Amino acid sequence: MTIFFRKKQEQSPIEVIKEELKKRTSVQKTANLSEEEMKILEQIKQETEVWNKNNVTRTKAYLEFYQQHPEVHWAFLGHMVSRNGGWNMTDLKGEMLSRLLSDKEKQSFFSFLERGNWLIFQDAYPQFLIYRESLKRNRPLFFLFPFLNISVFMEVNWNCFWRKPHPYFLTIALIINEQSYLEKRVIQNQSYKNEVFHKLEFKLQELLSLNHILFPYKKGGATYLKGQTLYHFESLHERILLGKRLYAVLFKNKDVLALTEQWANRHPHTGSRKDYWPAIFNAIHEGLPGEKYQFQLKSCKLRPGGRRIYSPTLENAWENVSHAEAEKGDWFEHVHVLDYFNELEDIIIGEIQDAYCKTLERLELASLAKKAVTIWH
């Protein structure tokens, strides 16, 4: 008997999760819920809806949750990635990209980004709220997940985290879950395939590397950027690996984490890139109507006499969207996804500033010579 218990204790978190998942794959939601449990579910749905209005409210909700529960690392990772989502949305109406895209293309890109941002929030945030309610009651309530269409994969992972908190495994589980959740609902969605992925402008976006994910922080009065670049957005595998690398960039180096948290707490998210680089971007257009665009940037500094680049706030760029209900269904099919729990072998430094500066210059060049875009057609 003692040997059995010792063996149980010595199991790695991955083995425990794998065993639990094998037991649970065929379990359907049953259970008669108590009145209290039904109230909890209703409250969670309402609170999620309140915060899921737009990218700014979602991004704020993630940060506020992380401030209360720093053991849930994904909440801060989600906050920082969601900031990038907002910057990508406002770029579409900003000074440079708006010269390269038609109104219809801007709308298609925005719908794609907004749907993904909305879907992830309405899946991840209820998990956080159930964790919060579990802590209040000092008992796990993760059996409520199926009633919110949250994957059995996450139910098992949260239960393991409850018994033995291991932030790394929960974070990787959330990365796997959110990207897998998006796969059929957005990436494989035929209208996005036609309107976004198969359009030449998406290729142009990849060529210009407009898929840098940036984590700003301040040190000695100067702003620095860490981050990663995603090259194959259509690949689920690549997106999960990117999530793991981004997590390493933020959480492996305690100084970077502390400085990024400090920056995030001091700079509320507006969607404008002015949030992190007010010397280069402004939320107010400084140009004159009909004025011909001039080169402004050199090595991420304004040229002498150059004016700041227009980067609007989300509020001024896009109206709130009413979303169709999320598609039902559990993405989880096989335990092979647990391979992603293995730690990255490479040391991820996350230097991105030079690459991002070069991207801005290339983008400026392309928007200056719109002919460059017509060549692709």
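Source: prediction; values computed, not measured. Numbering of residues starts from 1 in each chain and follows the order in which that chain's sequence is written. Only residues with pLDDT of at least 70 get local features here, since the model is predicted, and only at 80 or more are side-chain atom pairs given and counted; chain-wide, interface and lining totals rely on the full set of residues. Note: side-chain values were computed over all heavy atoms of the structure, leaving out hydrogens and water.

**Things to note about the pairing of strand 2 (residues 222–229)**
Phase 1 of the analysis: Counting buried positions along strand 2 gives 6 out of 8 residues, so the element sits mostly inside the fold.
Phase 2 of the analysis: Being paired, for any two strands, means DSSP has found at least two bridges between them. Comment: elements are numbered from the N terminus, with helices defined as DSSP H or I runs of at least four residues and strands as E runs of at least two. Bridge count for strand 1 (residues 212–219) against strand 2 is 8 bridges, and the pairing is antiparallel. Looking at the pairing, K219 lines up with A222 of strand 2. Burial classes follow relative accessibility: with a 1.4 Å probe on protein chains only, a residue under 20% of its type's maximum area counts as buried, one over 50% as exposed, and anything between as partly exposed.

**A word on the nonpolar core**
Phase 1 of the analysis: The set of buried Ala, Val, Leu, Ile, Met, Phe, Trp, Tyr and Cys residues whose side-chain atoms join them within 4.5 Å is what this entry labels a nonpolar core. Counting residues in hydrophobic clusters, the biggest one holds 108 residues, and the most contacted among them are F128, F153, W158 and W277.
Phase 2 of the analysis: Ranked by the residues each element gives to this core, the list is headed by helix 7 (residues 103–137), at 13 residues.
Phase 3 of the analysis: When near neighbours in sequence (up to four residues on either side) are disregarded, W277 contacts T223, L225, C300, Q353, Y356, C357 and L360. Pairs of residues are marked as contacts when any of their non-hydrogen atoms sit within 4.5 Å.

**Structural notes on the confidence of the model for the protein**
Phase 1 of the analysis: Confidence per residue, as judged by the predictor, is encoded in pLDDT with a range of 0 to 100. Of the residues in the protein, 90% have a pLDDT of 70 or more, and the chain-wide mean is 88.
Phase 2 of the analysis: With pLDDT under 50 throughout, residues 1–8 is counted as low confidence; its partners more than four residues away or in other chains account for 1 contact.
Phase 3 of the analysis: Confidence drops under a pLDDT of 50 for residues 371–377, and excluding neighbours within four residues, the segment shows 8 contacts in the predicted structure.

**With respect to the pattern of salt bridges**
Think of it this way: side chains of opposite charge can pair up when their charged atoms draw near.
Phase 1 of the analysis: Every case where a carboxyl oxygen of Asp or Glu lies within 4 Å of a side-chain nitrogen of Lys or Arg is listed as a salt bridge. For the structure shown, the criterion picks out 18 salt bridges.
Phase 2 of the analysis: With a shortest N-O distance of 2.5 Å, R307 and E95 are connected by a salt bridge. You can see R307 sitting in the loop between strand 5 (301–302) and strand 6 (309–310) and its partner E95 sitting in the loop between helix 5 (73–91) and helix 6 (97–100), a full 212 residues away along the chain.
Phase 3 of the analysis: Judged by its relative accessible area of 13%, R307 is buried.
Phase 4 of the analysis: With a shortest N-O distance of 2.8 Å, E351 and K226 are connected by a salt bridge. Of this pair, E351 sits in the loop between helix 14 (314–317) and helix 15 (353–368) while K226 sits in strand 2, and the two are 125 residues apart along the sequence.
Phase 5 of the analysis: Among the residues examined, E351 registers a relative accessible area of 58% and is labelled exposed.

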